[in-house]
Amino acid sequence: MTDIVEALRTALEEIAAELHREGELERPLPVGENDFVIPRERQRGDLATPVLLKAPSRRPRPELAVLFGERLRARALPFLQSISVAGGGYLNFLLTPSALADNLRQCLNNPDQLVPPAETRLKVRVEFVSANPTGPLTIAHGRQAAFGEALARILSACGHEVKREYYLNDEGRQIDLLGESLRVRVLNLLGDARPLPEDGYQGEYLVDLARGLVAERGESLKLETGEFFRDRASSEILQEIRSDLASFGVIFDSYRSQKEITARGEVGETLERLKKAGLVYESEGALFLKTMPYGDDKDRVLVKSDGSYTYLAPDLAYHRLKYAEGDQLMVNLWGPDHFGYITRLQAGLAGLGCDPQKLKIIIVQLTTLYRDGEKVKMSTRQGEFLPLSLLTRELGADVTKFFFLSRKASSHLDFDLEQAKKNSAENPVFYLQYASARIASLFRHQEEKMPGADLSETGDLLERLGEPEERELMLRLGQYGSAVAMAGRNLEPQLLLAYLMNLVKIFHQYYQRCQIIGIDPDLSRARLLLVRGLEKVLKQGLHLLNIRAPERM
RNA sequence: GCGCCUGUAGCUCAACGGGACAGAGCACCUGCCUUCUAAGCAGGUGGUUGGGCGUUCGAGUCGCCCCAGGCGCGCCA
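Here is what the cut-offs are and how they apply
- Residues numbered from 1 in each chain as written.
- Chains lettered and ligands numbered in written order.
- Predicted model: local features only at pLDDT ≥ 70, side-chain atom pairs only at ≥ 80, totals over all residues.
- Heavy atoms only, no water.
- Helix = DSSP H or I, 4+ residues; strand = E, 2+ residues; numbered from the N terminus.
- Buried < 20%, exposed > 50% of the residue type's maximum accessible area, 1.4 Å probe, protein only.
- Contact = heavy atoms within 4.5 Å.
- Lys, Arg positive; Asp, Glu negative; His and termini not counted.
- Charge placed at Lys NZ, Arg CZ, Asp CG, Glu CD.
- 1 Å grid on protein atoms, 1.4 Å probe; cavity = no way out; pocket = protein on both sides within 12 Å on 5 of 7 lines; lining within 4 Å.
- Points joined across faces, edges and corners; volume = space filled by probe spheres on them.
- Nonpolar A, V, L, I, M, F, W, Y, C, P; charged D, E, K, R; others polar.
- Core = buried A, V, L, I, M, F, W, Y, C linked by side-chain atoms within 4.5 Å.
- Pairing = 2+ DSSP bridges.
- Axes fitted to C-alpha atoms, helices over the stretch in contact; angles between N-to-C directions.
- Near = heavy atom within 4 Å.
- Polar contact = N/O pair within 3.5 Å; in protein donor to acceptor, adjacent residues only side chain to side chain.
- Phe/Tyr/Trp six-rings, centres within 6.5 Å; stacked < 30°, edge-to-face > 60°.
- Salt bridge = Lys/Arg side-chain N within 4 Å of Asp/Glu carboxyl O.
- Domains from an automatic or database assignment.

Draft legend 1. Highlighting the overall build of chain A. Looking only at helices and strands, one finds 19 helices and 14 strands in chain A. Taken over the C-alpha atoms alone, chain A extends approximately 90 × 65 × 40 Å along its principal axes. Residue burial in chain A is summarised as follows: out of 553 residues, 52% are buried. Looking at chain A alone, contacts between residues at least 24 apart form 73% of all its contacts between residues at least 6 apart. Of the side-chain charges in chain A, 72 are positive and 78 negative, and the distance between the mean point of each set is 2 Å.

Draft legend 2. Just the layout of surface pockets, in detail. Each pocket or cavity is described by its volume, and for the second largest pocket that value is around 980 Å³. Lining the second largest pocket are 37 residues; nearest its centre among them are Glu 33, Ser 482, Ala 483, Met 486 and Arg 489. Secondary-structure elements contributing two or more residues to the lining of the second largest pocket are helix H1 (2-21), helix H17 (480-489) and helix H18 (494-513). Tallying contributions element by element places H17 first for the lining of the second largest pocket, with six residues. By residue class, the composition of the lining of the second largest pocket is 21 nonpolar, nine polar and seven charged.

Draft legend 3. Examining the nonpolar core more closely. With 144 residues, the main nonpolar core has Leu 8, Phe 68 and Leu 496 as its most contacted residues. Residue contributions to this core peak at ten residues, all from helix H19 (residues 521-544). Not counting chain neighbours up to four residues away, the residues in contact with Leu 8 comprise Phe 36, Leu 47, Leu 72, Leu 77, Phe 79, Leu 80 and Phe 93.

Draft legend 4. How the structure looks around the sheet that holds strand S1 (residues 47-49). On the basis of which strands lie adjacent, the open sheet formed by three strands has the order S1-S3-S2 and antiparallel pairing. What marks the edges here is a single partner per strand, and that holds for S1 and strand S2 (80-86). The average undirected angle you get between the axes of adjacent strands in this sheet is 20 degrees. Here S1 pairs with strand S3 (residues 90-95) via three bridges, running antiparallel. Across the sheet, Thr 49 pairs through a bridge with Leu 91, a residue of S3. Here H1 sits on the sheet and contacts S1, S2 and S3; the angle it forms with S1, its principal contact strand, is near 30 degrees.

Draft legend 5. The arrangement of the protein's contact with RNA strand B in detail. Neighbouring RNA strand B are 70 residues, the closest being Tyr 90, Lys 298, Tyr 434, Ser 441 and Met 486. Each atom of RNA strand B within 4 Å of the protein was assigned to sugar, phosphate or base; sugar and phosphate come to 60%. Separating a sugar or linking oxygen of RNA strand B from a backbone N or O atom of Pro 336 is a distance of 3.1 Å. Within the backbone of Ser 410, an N or O atom sits 2.9 Å from a sugar or linking oxygen of RNA strand B. For the surface near RNA strand B, the elements supplying multiple residues, two or more each, are S3, helix H5 (173-189), strand S9 (300-303), strand S14 (413-416), helix H15 (429-449) and H18. Ranked by residues supplied to the surface near RNA strand B, first place goes to H15 with nine residues. Split into classes, the residues belonging to the surface near RNA strand B amount to 26 nonpolar, 24 polar and 20 charged.

Draft legend 6. Quick look at the environment of Leu 475. Residue position: Leu 475 is located in helix H16 (residues 468-477). Taking the relative accessible area as the measure of exposure, Leu 475 reaches 0% and is therefore buried. A C-alpha to C-alpha distance of 23 Å links Leu 475 and Arg 75, two positions 400 residues apart in sequence. Non-local contacts of Leu 475, meaning those with residues more than four positions away in its chain, are made with Met 1, Ile 38, Arg 42, Asp 46, Leu 95, Leu 100 and Asn 103.

Draft legend 7. Representation of the packing of aromatic side chains. In the structure shown here, the tally under the stated rule is twelve aromatic pairs. Relative to Tyr 318, the ring of Tyr 167 lies with its centre 4.1 Å away and its plane at 5 degrees, an arrangement referred to as stacked. With a gap of 151 residues between them, Tyr 167 in strand S5 (residues 161-168) and Tyr 318 in helix H10 (residues 312-324) connect regions that are remote in the sequence. Given a relative accessible area of 2%, Tyr 167 falls into the buried group. A relative accessible area of 0% places Tyr 318 in the buried class. Between the aromatic rings of Phe 507 and Tyr 511, the centroid separation amounts to 6.1 Å while the plane-to-plane angle is 55 degrees, which identifies the pairing as tilted. Residue Phe 507 and its partner Tyr 511 are located together in helix H18, separated by four residues, close to a single helical turn. Relative accessible area serves as the criterion here: at 32%, Tyr 511 is assigned to the partly exposed category. Put simply, the rings of Phe 128, Tyr 166, Phe 252 and Tyr 255 pair up and form one aromatic cluster.

Draft legend 8. Region of interest: the environment of Asn 103. Tracing the backbone shows Asn 103 in helix H3 (residues 97-109). Once the C-alpha coordinates of Asn 103 and Lys 408 are considered, the two residues, 305 residues apart in sequence, prove to be 29 Å apart. In contact with Asn 103, other than residues within four places in its own chain, are Met 1, Met 474, Leu 475 and Gly 478. A polar contact is formed between the side chain of Asn 103 and the backbone oxygen of Met 474, at a distance of 3.0 Å.

Draft legend 9. Structural detail: the pattern of salt bridges. Scanning the model with the defined rule gives 49 salt bridges in all. Between Glu 24 and Arg 59 there is a salt bridge whose closest N-O contact spans 2.7 Å. One end of the pair, Glu 24, is in the loop between H1 and S1; the other, Arg 59, is in the loop between S1 and helix H2 (61-74), with 35 residues separating them in the sequence. The exposure class of Glu 24 is partly exposed, given its relative accessible area of 26%. With relative accessibility at 27%, the residue Arg 59 sits in the partly exposed group. We note a salt bridge from Asp 176 to Arg 230, for which the minimum N-O separation is 3.6 Å.

Draft legend 10. Region of interest: the domain arrangement of chain A. Looking at the assigned domains, one finds that chain A contains domain 1 (2-95), domain 2 (124-169 + 250-363), domain 3 (173-247) and domain 4 (428-544). In this structure, domain 1 and domain 3 have C-alpha centres spaced 69 Å apart.

Draft legend 11. Representation of the sheet that holds strand S10 (residues 329-334) in the model. Within the open sheet, the five strands sit side by side as S6-S5-S4-S10-S11. Their pairing is parallel. At either margin of the open sheet sits one strand with a lone partner, and together these are strand S6 (254-257) and strand S11 (359-363). For this sheet, the mean angle separating the axes of adjacent strands, direction not counted, is 25 degrees. Sheet topology note: the strand S4 (residues 123-127)/S10 ladder contains four bridges and is parallel. Directly across from Arg 125, in S10, lies its bridge partner Met 330. The strands that helix H4 (residues 139-157) touches are S4, S5, S10 and S11; relative to S5, the one it contacts most, it runs at about 155 degrees.

Right under this line is the structure:
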């Protein structure tokens, strides 16, 4: 299919060049891959291009289109059944049965080569979730996890070398507070009635953790240091997080510890470099980074007057490391609360000589939760939050992931928990999965009715597929590769999901109207081959989205 | 106040470097299981794409101005 578009593209450009030489066109006409679409009104053809509408010519467009049509016809391109002109200058193309069958052959014979490799294979690092190990994963993290994982898989399918990374914020004020909160909970259990620190973590999960500790260690805990509680709390919580992620189908290649980066002296080194570059200055006992030249409202503090780092300093060090390790594309998924941070991070990186173009920061908007129409506020510190596990337990991981993946990152989402539960049986994810189950069922049926049938694609068997849905399926199967490529290029997994929904819709229609396994054995074999090709694409696509493709439902 | 995101059917959202008549799911109405899974299919109701001006052969998409919601603008992370 991509080759068909490429051949058409070149042919049109060549004809335009001819017409330019002949004086019909004022300039040559550049034609891009994106100038071709599958017409919404399918009776018009299989492919269409409006590109002639912007041709630099004094001729009326329809006339020009006819001229192009004639020259194109004269070239007798083997995949074209017919060419027509409509809509005031559109060129519409009908593909031959064998051209369509070629799409299917690709899926059957080279299912691993459907996605065109990116022009350059990049070292990509996708950093996401990166939740502080101070509490369970929330719905917001879940959205990032679903999005980031799908993105990583898609980029990888596009031929990039992808690493998933979790930046672990395991030092600083919040971790101190967490440790102190755990200590108080423990002491409470041991009979000391002191209150939690101000701004401490009030979540019930710390009480559970404290109980476990007391059961294990008893009175001896009274002598433990702050460091003990900090480490204990954060590592226990991280274990929970990892296990939640794993059951969500998300496994990180690395957890990068901020504490370790600091300990290795990377932060100091980074600050030194910024100093050398003349980008910092001292004021009121604090060290400031000059971010205003990069469009920031004010310069930002790197080192507080008490000598401790702000978040910015280690984060700059972390990103400098990524550049040093040779990343060619870094995709960061951040919550909207970190938005204001983009400018200062990029300012610092530019100062360090790192190309900011390599860093793509995607702000993943929040999901507002409702319970029976009432808004639920989330705050980890106050102990009031809705953990991701609640959603996955009540709705299932696939439903949850689908919900997140069907929307682009910039959409603010509304999620009514009760509504979602009520509707979960009607969830559109089942539309996809049901197709998968139906396909599996077809092959089980085939084993019964036509055991051992030869399902190799030979001769002109596929040419027998002439029903509208069959043509349509073969046409759309040819688009899978570019759907994945597009999702990867734009960093938008929902584009792939939308493609799969459309593909599966045609299958459901087909299944309803045509009997796959019928009286005519050759026709049955041809149809089964079509279904087999579809199965390969559907499975692959669902895998990229990290959604299961069940064999039964 | 400044910056960013969002505004599309009753609800939740799509629409791929502008393209032909803006699409799905849910909800609602009418049909379809003695053919392979009815978690499906066919048909119907439902839209001035928040409002206005502009660019273009063509605007949901690009530009400017309003309106509304969200989030930022800490020596918090």
